[in-house]
Amino acid sequence: MTSFRFVHAADLHLDTPFAGVAQPAPHVAAALRDASLAAWDALVELTLAEHAAFLLLAGDIYDGADRGVRAQLRFLKGLRRLSDAGVRVFIVHGNHDPLDRRSAVVDYPANAKLFPAGDVESVPVTIDGEQIAIVHGISYDRTDTKENLALHFHRAPGNGLQVGLLHANVGANAEHGAYAPCTLGDLEAADLDYWALGHVHKRAVLRENDPWVVYPGDTQGRSPKPSERGEKGALVVDVSGSKVTNVRFAALDVARFVACGIDIADATDLSQVQTRLIETLARLRDEHAGRHLLVRATLEGRGPVAPELHRQGAIADMLVEARNELATSRPFLWVESIVDRSRSIVDLDTLRERTDLSGELVRLADRVRGDSTALAAFIAERSRLLDQGAVGTALRRLAQEEDADLFADEAGDILDDALALALDRLEQAGGQ
Ligand SMILES: [Mn+2]
C-alpha cells in the first residue's frame, strides 16, 4: 500500500486588514500588514519540508472582494514554488473570494488546480503512475451561496484516498455565516475518506475516521475574537492506502492573539495590579516564544483596589504603562486592550439600610430581581443600549431565553454586575 502525506489549510484571508486592532504602534501595524502573507509563505515551506504529495486550500484564500494585487502576486509566487517542486495544489474559493470577483492573475501553474463552481469536479492524483487519491471539489461563484453543495459529492470509482474539498458551514455554526450549509450526515452520505473543510476559523475535528471531517482553522489569527485566538496553522495528514493514519497540527502564524485574566482580589494598590499584569504578559511571551503577540488582558475579581481602577483614565494609563514596559520586546508583545471587569467589595446589607441614593439603588435592584416582568424590561433596555459587539449579542440572546429559571439566573448576574458598577461610581463620587 502506498503511503503519502498531504497538507490541509483554509481561510488564508491574504491581505486581511486586521480591523479589530485599534491604533497599533507603527511596528505592530507593519507586522500585521504582512502577517497573512508570511503565514502563506510558511505554509509553502511546511508543504515542501513535509514532502507532501499535495496541498489542499479550502477557500477564502483572499480576504476582500477586491483581491489585492500584492496578495495575488504573493499567492502565485508560492504556487509556482510548489509546482516547480512537483507538489500539486487543489484550490476552492469561498464566500470571501468567490469566482465572480475580478482576478488579476488568470494563469495558474500547471500543478495548481482551481475547482470551478457549478458542479463538483473529481481529479485523480497519481505518483509514479499509481493513483493514490481522488480530490473532489467545488468553488463558490458568488458570496451569497446558500445551496447545500455537500449533496453534489459522491465517491468515485478508483483506488486511493477520496477527499472532499469544500468551504461550508457544517451543523449551522452560529458564529459564522450560513454559506453552503450542510449537516454532518450529508458529509457522511458522500462516502468519502476525508473532508477538507474551510470557513470556520477555529480549528475543529467534527469527526475522526469514516470519514474524517476537519476544519483546520485560519492560517493567521485576524482579531481579538475568541475564534481568532491561539495557535493558527495547517494540518499535516498521513495516509496509508485509503486510510488516514495521523492528523497533526502545525502552527504557521506570525502574530498571535491571546487573552489572559488578572485576578485583582487580593491586590491592595494599583502598582500590585500592574506588577501582576507585567508578570502575566512575560509568562505569555515565554509560552509563545518566537511569535508576535497581541494580548487582551481582563481584570477580574472583587477587591479593595477596584474603585481605583474605576477612576476615569486609570485603565488607559495602565495600558500605556504596560505597552511602554514591553516596548523593546522582539518579537513584539502588544497589549491590544485592558478590559476592566473588576468589582468593589460592597456590603449590600449595610447599604440597603441607608437612606441615600446608594441605599435606594440596592433596594431598587432587590425589587427588579424579584419581579420577572421588571427583570425582562431591564434586560431589554440594556440590550437596546448595547446593541453592538459581543455583549449586545449575548444580551439579545438572553432576552429570547425561554427557560424562566435560566433567564432569572443569568439576568440576575447581569443586574448584580450593573449594581456593583453603579455603586462603585456613586461611592467614589461621594467619597471625593
Ligand atoms: Mn474565512
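What counts as what
- Per chain, the residues get numbers from 1 upward, laid out in the order the sequence is written.
- Local features in this predicted model are restricted to residues of pLDDT 70 or higher, and side-chain atom pairs are both shown and tallied only at a pLDDT of 80 or more, whereas totals for entire chains, interfaces and linings draw on every residue.
- By convention in this description, side-chain values take in all heavy atoms of the structure and omit both hydrogens and water.
- Exposure above 30% relative accessible area and the lack of any salt bridge qualify a residue for a patch; like charges then connect within 9 Å, and the nonpolar side chains Val, Leu, Ile, Met, Phe, Trp and Tyr within 5 Å.
- Per-residue and other accessible areas follow the Shrake-Rupley method at a 1.4 Å probe size, with only the shown protein chains counted as cover for residues.
- Within this document, salt bridges are pairs made up of a side-chain nitrogen of Lys or Arg and a carboxyl oxygen of Asp or Glu, the two lying within 4 Å of each other.
- In this count, Lys and Arg are taken as positive residues and Asp and Glu as negative ones, while His and the chain termini are left out.
- Here the site of a charge means NZ on Lys, CZ on Arg, CG on Asp, or CD on Glu.
- By definition, any uninterrupted DSSP run of H or I lasting at least four residues is a helix, any uninterrupted run of E lasting at least two residues is a strand, and each is numbered from the N terminus.
- Any N, O or S atom lying within 2.8 Å of the metal counts as a donor, with the limit raised to 3.2 Å for Na, K and Ca; because water is left out of the atom set, some sites can appear incomplete.
- Per-residue accessibility, obtained with a 1.4 Å probe over protein chains only, is compared with the maximum for each type, and a residue is labelled buried under 20%, exposed over 50%, and partly exposed between these values.
- One less than the residue count of a helix, multiplied by 1.5 Å, gives the span that helix is expected to have.
- Within this analysis, the arc is defined by the directions that extend from the helix axis to the C-beta atoms.
- For Phe, Tyr and Trp, where Trp contributes only its six-membered ring, two rings pair if their centres lie within 6.5 Å, and the inter-plane angle classes them as stacked under 30 degrees, edge-to-face over 60, or tilted in between.
- Whether a charge lies above a ring is judged from NZ of Lys or CZ of Arg, which has to be within 6 Å of the ring centre and within 35 degrees of the ring normal.
- Here the rule is simple: two strands pair whenever DSSP picks up at least two bridges between them.

Participant: What is the right way to read a negative patch on the surface from this model?
Facilitator: Together, Glu401, Glu402, Asp403, Asp405, Asp409, Glu410 and Asp413 make up a negatively charged patch on the protein surface. Mapping Asp405 onto the fold places it in helix H11 (residues 404-431).

Participant: I'm lost on the coordination of the manganese ion in this one. Help?
Facilitator: The reference angle at a metal is 109.5 degrees if four donors form a tetrahedron and 90 or 180 degrees if six donors form an octahedron. For the manganese ion, every protein donor is listed as Asp11 (OD), His13 (NE2), Asp60 (OD) and His201 (NE2), and the spread of their distances is 2.1 to 2.4 Å. Linear spacing of the donor residues for the manganese ion on their chain is D-x1-H-x46-D-x140-H. Separated by 49 residues along the polypeptide, Asp11 in the loop between strand S1 (3-9) and helix H1 (26-49) and Asp60 in the loop between strand S2 (54-58) and helix H2 (69-84) bring together distant segments of the chain. Residue Asp60 is classed as buried on the basis of its relative accessible area, which comes to 1%.

Participant: Please explain helix H6 (residues 314-325) as it appears in this structure.
Facilitator: A turn of α-helix holds 3.6 residues, and therefore any two residues three or four places apart point the same way. With 12 residues, H6 ought to run about 16 Å at 1.5 Å a step, and its terminal C-alpha atoms sit 16 Å apart, in line with that. Burial in H6 covers these residues: Ala314, Ile315, Met318, Leu319 and Ala322. Mapping the buried residues of H6 onto a view down its axis gives an arc of 135°, with all of them on the same face. Residues Asp317 and Asn324 are exposed on H6 and point more than 90 degrees away from its buried face.

Participant: Honestly, the packing of aromatic side chains in this entry has me stumped. Any pointers?
Facilitator: The geometry of two aromatic rings is summed up by the distance between their centres and the angle between their planes. Summed over all chains, the structure comprises 9 aromatic pairs. Taken together, a centroid distance of 5.9 Å and an interplanar angle of 45° make the contact between Phe4 and Phe54 tilted. Note that Phe4 is positioned in strand S1 and Phe54 in strand S2, a separation of 50 residues in sequence. For Phe4, a relative accessible area of 8% corresponds to the buried category. A network of ring pairs unites the aromatic residues Phe4, Phe6, Phe54, Phe90, Phe115 and Tyr194 as a single cluster. Residue placement shows Lys113 over the ring face of Phe115; its charged tip is 5.6 Å from the ring centre. One Lys or Arg, Arg203, reaches over the ring of Phe249 and ends 3.6 Å from the middle of that ring.

Participant: What's the story with helix H4 (residues 270-287) in this structure? I'm lost.
Facilitator: For H4, with 18 residues, the first-to-last C-alpha span of 26 Å sits near the 26 Å given by 1.5 Å per residue. When H4 is considered as a whole, its buried residues turn out to be Val273, Gln274, Leu277, Ile278, Thr280, Leu281 and Leu284. On an axial view of H4, the arc spanned by its buried residues comes to 165°, and they lie on one face. Every exposed residue of H4 that faces more than 90 degrees away from the buried side is listed here: Glu279, Arg283 and Asp286.

Participant: Could you clarify how one ought to interpret the pairing of strand S9 (residues 204-207) in this entry?
Facilitator: Two faces make up the sheet, and in a regular strand the side chains alternate between them. Where S9 lies against strand S10 (residues 212-215), 3 bridges are found, and the strand directions are antiparallel. Within S10, the position partnered with Ala204 by the bridge is Tyr215. The hairpin turn running from S9 into S10, its antiparallel successor, is 4 residues long, and Asn209 in that turn takes a positive phi close to 75°.

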